[in-house]
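Residues per chain, in single letters:
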Amino acid sequence: MNDLLRTYNSLKAARAPWDSWWETLRRYVLPARQEDGEDTAPGASSFRGLGDTTAVEACQKLASGHMSYITPGHELWFKWSCADPDAGDEAESWFNRCSEIANAELARSNFYTELHECFLDRVGLGTGCLFCSSARRGGLLFRHIPCGRFVCAEDDEGTVDTFMREFTLTPHQAAAQFGKKALGPRARALLDSGADPHLGRLAFLHVVRPRHRRNPRRTDARNMPFESLYYSLDDHCTVEEGGYREMPYMVTRFLRWGEGPYGLAPARLVYPDIRQAQFLNRILDMLGEVAAFPRILELANQSGEVDLRAGGRTLINPESASLGFPREWATSGRYDVGMDRLRQKQESINRAFFVPMLELWSERKQQMSAAEVYARENERVMLFSPSFTLFTSDFRPLMERVFALLFRMGCFPRPPASALRTNARGETELAEPRVVYQGRIATIMRRLQAEGMERTLQRLQAMAAMDPAVADHVDLDRAFRLSARLDGVPEEILRPESSVKRMRRRREADAAALAAQQESPAPATASPAAPRP
């Protein structure tokens, strides 16, 4: 355990430069998450000194945009597909059916609630984390792990394979999760003392890392690919040791930063503009107050005699009038110039958070043709493509774990033989699926692929008029089914390929029978008998 704690402290030291940046960004982007403690309500001090909320609002909009346009809970935003293109339509149909079941299971769980918190961290701080497991009462269970409360490391392929997080539980929660007998002496003493078990906090460390020594033919917890250790930091003892078949923690980054496992937030790219917006807003507030309540310059003998109330009357002598007292003083600030500069900073912040892309869908202020809408969508979404591509890469382990958990729970129908494969040990196993995202952003990115297919087919149609043999280059059946699935067509309306083949064979047999009937000679008829003389 000393080696484990040494590794944890080493990873915390490597994370230290990020901690200072996260603390700074929380102040301007996620002020409600500045408080220490896992159950501390945000106080007024979290928002003190926040003069401009452009970055806060932009972060909320982009996180909501993730939910609406990448993982919308009201529609089928992803599907699994067979990784082997030659597996056949039966396997593809089975994976599509599993996708529909999984979307329903995600909707029944706490997935979308925790995912929104994860997206806020991904957008605001550059790094988000989500834990995925099975609930004791059945179904899926998710938990958002706040940025800054975990450390992680990647393998040689850039995949997070080591994860450590420090967290606290009440004595009641610790006994429910680990069992009273597994806890250390301090935790058991708190439970036996007769005090409220919901008060007080116990500190634990959860470690998930690759298991280097295991028997791959055994499926017990101590021989799974990932080792899981829960360590009590109060009692310095291991309270649970187990394993996972897949990495249960998903870490997603907004943009990569160097070779580290943590991500770059859009607020960090425009941090000077965020600071300038705070400063300019305070200056403009001061100018507004001066304009509403101007500074007054008065003679010493007029002290207490100037009435600043609305409709107030101030009596002055001829000498004061000749000198122009009382009068406003130092109220000639350029409010309009300050507003122009503030708008520039706010527009820069909004562009960094892709707010113009989101407003293109939410607010159509003018009538645009479909071609113009498509052109603008392609232009703005392509700027977002690096972050979306990284999202799909980071989310792949989570989607694989969701698939594996639901399959082991028996939620999916029996897989067809075409969806199985033989591994290196000669064992038959289910092939790993490929994830296809179907949210609005993914659809727009796939639109280029679909448009290329449509242009190719149009060109094929024109060339086939000159030489019909050119159509032999394209499998039209596969092209149609692929285009339908790219458009997100429900699997129920697509007939299985076996049914299509049976229909065609029946149609060909009917056509052949009809042709044979039409080509056969008519039966000879007897000529009428000649009349007898």
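Quick caveat, the model's predicted, so the values are computed rather than measured.

Caption draft 1: Region of the structure containing the overall build of the protein. Each helix and strand counted, the protein has 15 helices and 14 strands in total. Expressed as lengths along the three principal axes of its C-alpha atoms, the size of the protein is roughly 160 × 80 × 40 Å. Taken over 533 residues, the protein has a buried fraction of 40%. For the protein, contacts bridging at least 24 residues in sequence account for 68% of all contacts bridging at least 6.

Caption draft 2: Summary view of helix α5 (residues 171-178). Listing the buried residues of α5 in full gives Pro171, Ala174 and Phe178. Angularly, the buried residues of α5 cover 60° about the axis, an arc narrow enough to put them on a single face. The elements touched by buried residues of α5 are β5 (160-169), α6 (185-192), β6 (202-210), β7 (226-232) and β8 (237-244). Once α5 finishes, Gly179 follows within two positions and takes phi at roughly 90°, a positive value.

Caption draft 3: Structural context of the packing of helix α2 (residues 54-69) against helix α4 (residues 111-124). Running from N to C, α2 and α4 cross one another at 130°; their axes reach a closest spacing of 9 Å. Relative to α4, α2 is oriented oblique. The two elements α2 and α4 meet at a crossing, and its hand is right-handed. Seen from α2, the contacting residues are Cys59, Gln60, Leu62, Ala63, Ser64, His66 and Met67; seen from α4, they are Tyr112, Leu115, His116, Phe119, Leu120, Arg122, Val123 and Gly124. Tallied by class, residues from the contact of α2 with α4 come to 9 nonpolar, 5 polar and 1 charged.

Caption draft 4: Just the side chain of Ser387, in detail. Within the fold, Ser387 resides in helix α12 (residues 370-408). In this structure Ser387 comes out as buried when scored by relative accessible area, which is 2%. The residues touching Ser387, leaving out its near neighbours within four places in the chain, are Arg122, Phe254 and Leu255.

Caption draft 5: A look at the sheet that holds strand β2 (residues 127-134). Ordered in space as β3-β2-β9, the 3 strands form an open sheet in which the pairing is antiparallel. Taken across any chain shown, the strands that pair with only one partner, and hence form the sheet edges, are β3 (140-144) and β9 (249-253). Strand-to-strand twist across the sheet, computed as the mean angle between neighbouring axes with direction ignored, equals 25°. As judged from the 5 bridges shared by β2 and β3, these two strands associate in the antiparallel manner.

Caption draft 6: Highlighting the sheet that holds strand β4 (residues 150-154). Spatially, the 5 strands line up as an open sheet ordered β4-β5-β6-β7-β8, and their pairing is antiparallel. The outermost strands of the open sheet, each flanked by one partner alone, are β4 and β8. With strand direction ignored, the average angle separating the axes of adjacent strands in the sheet is 15°. Summarising the sheet, β7 and β8 pair through 7 bridges and their orientation is antiparallel. Note that in β8 the partner of Tyr231 across the bridge is Thr238.

Caption draft 7: Geometry of the pattern of salt bridges. Scanning the model with the defined rule gives 22 salt bridges in all. For Asp19, the salt bridge goes to Arg15, with nearest N and O atoms at 3.0 Å. Of the two residues, Asp19 and Arg15 both sit in helix α1 (residues 2-28), 4 residues apart, roughly one turn of that helix. If you follow the salt bridges from partner to partner, you end up with Glu154, Arg253, Arg256 and Asp394 in one network.

Caption draft 8: Spotlight on the packing of aromatic side chains. With the rule as written, the count across this model stands at 35 aromatic pairs. Residues Phe150 and Phe163 carry aromatic rings whose centres are separated by 5.0 Å and whose planes lie at 20° to one another, so their mutual orientation is stacked. Of this pair, Phe150 sits in strand β4 while Phe163 sits in strand β5; the two residues are 13 residues apart in sequence, bridging distant segments of the chain. For the pair Phe150 and Phe163, one class covers both residues: buried. Seen from their ring centres, Phe391 and Phe395 are 4.3 Å apart, and the 35° between their planes marks the pair as tilted. Here Phe395 and Phe391 lie together in helix α12, a separation of 4 residues that amounts to about one turn.

Caption draft 9: Molecular detail of unusual backbone geometry. Located in the positive-phi region is His236, a residue other than glycine, with phi close to 55°. You can see His236 is positioned in the loop between β7 and β8. The phi torsion at Phe354 lies on the positive side, around 60°, for a residue other than glycine. Tracing the sequence through the fold places Phe354 in the loop between α10 (335-352) and α11 (355-362). Exposure remark for Phe354: the relative accessible area of 15% places this residue in the buried category.

Caption draft 10: Region of interest: the packing of α1 against helix α8 (residues 271-292). For the pair α1 and α8, the least separation of the axes is 11 Å and the interaxial angle reads 40°. Looking at the two axes, α1 sits oblique to α8. Handedness of the α1/α8 crossing: left-handed. Seen from α1, the contacting residues are Trp21, Thr24, Leu25 and Tyr28; seen from α8, they are Tyr271, Ile274, Arg275 and Gln278.

Caption draft 11: Region of the structure containing the state of the cysteines. For the structure on display, the rule yields 0 disulfides. Free of any disulfide, Cys59 has its nearest cysteine sulfur in Cys147, 12 Å distant.

About the criteria used
- All residue numbers refer to position in the chain's written sequence, counted from 1.
- Reporting in this predicted model follows two pLDDT cut-offs: at least 70 for local features of residues, and 80 or more for side-chain atom pairs to be given and counted; totals over whole chains, interfaces and linings ignore these cut-offs and use all residues.
- Side-chain numbers here rest on the full set of heavy atoms in the structure, without hydrogens or water.
- Under the DSSP-based scheme used, a helix requires at least four consecutive residues in state H or I and a strand at least two consecutive residues in state E, with every element numbered from the N terminus.
- Exposure is judged per residue with a 1.4 Å probe applied to protein chains only, and the accessible area is read against the type maximum: over 50% gives exposed, under 20% gives buried, and values in between give partly exposed.
- Any two residues whose heavy atoms approach within 4.5 Å at even a single point are treated as in contact.
- Read the arc as the range of directions from the helix axis to the C-beta atoms.
- To obtain each axis, a line is fitted to C-alpha atoms, and for helices this fit is confined to the stretch in contact; angles are then taken between N-to-C directions over 0 to 180 degrees.
- We call two directions roughly parallel when the angle between them is under 35 degrees, roughly antiparallel when it is over 145, roughly perpendicular when it lies between 65 and 115, and oblique otherwise.
- If you view the pair so one helix is near and one far, a crossing is left-handed when the near helix is turned anticlockwise from the far one by less than a right angle, and right-handed when it is turned clockwise.
- Polar here means any residue outside two lists: the nonpolar Ala, Val, Leu, Ile, Met, Phe, Trp, Tyr, Cys and Pro, and the charged Asp, Glu, Lys and Arg; Gly therefore counts as polar.
- Here, a strand pair is defined by DSSP locating no fewer than two bridges between the strands.
- Salt bridge, as used here, is a side-chain nitrogen of Lys or Arg placed within 4 Å of a carboxyl oxygen of Asp or Glu.
- Any pair of Phe, Tyr and Trp rings, taking the six-membered ring for Trp, is counted once the centres come within 6.5 Å. Such a pair is stacked with planes under 30 degrees apart, edge-to-face with planes over 60 apart, and tilted for the rest.
- Any cysteine sulfur atom paired with another within 2.5 Å is treated as part of a disulfide.

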